[in-house]
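# Coordinate inspection notes
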Amino acid sequence: MFTPGLWQMLIVGLIVLLLFGTRLPSVMRSLGEGITEFKKGMKGNDSDPNTRIEDHRD
């Protein structure tokens with residue numbers, strides 16, 4: 001079976017960086033936020049930032 005070596009991984013990384021270099025920071029930021037939200041959900045945290053806040057003005 002084919003196992004990629006160091007040089008193959010570096011070449012693929014360079015190609016990915018050239019193709020997606022401008023969008024890569026935003027993609028990684030979104031991935032990090034998703035992982036953070038997933039961990040919060042796994043903890044069972046009841047504070048959901050997307051829930052509607054009721055306004056109790058008189």
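Residues numbered from 1 in each chain as written. Predicted model: local features only at pLDDT ≥ 70, side-chain atom pairs only at ≥ 80, totals over all residues. Heavy atoms only, no water.

### Some details on the overall build of the chain
Going by this rule: Helix and strand assignments come from DSSP, with helices taken as H or I runs of at least 4 residues and strands as E runs of at least 2, each series counted from the N terminus. For the exposure calls, accessible area comes from a 1.4 Å probe over protein chains only, and a residue counts as buried if that area is under 20% of its type's maximum, exposed if over 50%, partly exposed in between. Each accessible area is a Shrake-Rupley result for a 1.4 Å probe, and residues are judged covered by the shown protein chains and nothing else.
Tallying secondary structure elements over the chain gives two helices and zero strands in all. Classification of the 58 residues of the chain by burial places 0% in the buried group. Split by element, the accessible area of the chain, about 6,000 Å² in all, is 64% carbon and sulfur.

### Thoughts on the pattern of salt bridges
What counts here: The term salt bridge refers to a side-chain nitrogen of Lys or Arg lying within 4 Å of a carboxyl oxygen of Asp or Glu.
This model, assessed by the stated rule, comprises one salt bridge. Between Glu37 and Lys40 there is a salt bridge whose closest N-O contact spans 3.9 Å. In this pair, Glu37 and Lys40 are both assigned in helix H2 (residues 24-43), three residues apart and thus about one turn of the helix distant. Classification of Glu37 by relative accessible area gives partly exposed; the value is 41%. Given a relative accessible area of 40%, Lys40 falls into the partly exposed group.

### Some words on a nonpolar patch on the surface
Which entries qualify depends on this criterion: Patch membership is restricted to residues that have no salt bridge and whose relative accessible area is over 30%. Joining uses 9 Å for like charges and 5 Å for the nonpolar side chains Val, Leu, Ile, Met, Phe, Trp and Tyr.
Together, Ile11, Val12, Ile15, Val16, Leu19 and Phe20 make up a nonpolar patch on the protein surface, roughly 540 Å² of accessible area in all. If you trace the backbone, Ile15 turns up in helix H1 (residues 6-20). A residue is classified by how much of its surface remains accessible, and Ile15, at 45% relative accessible area, is partly exposed.

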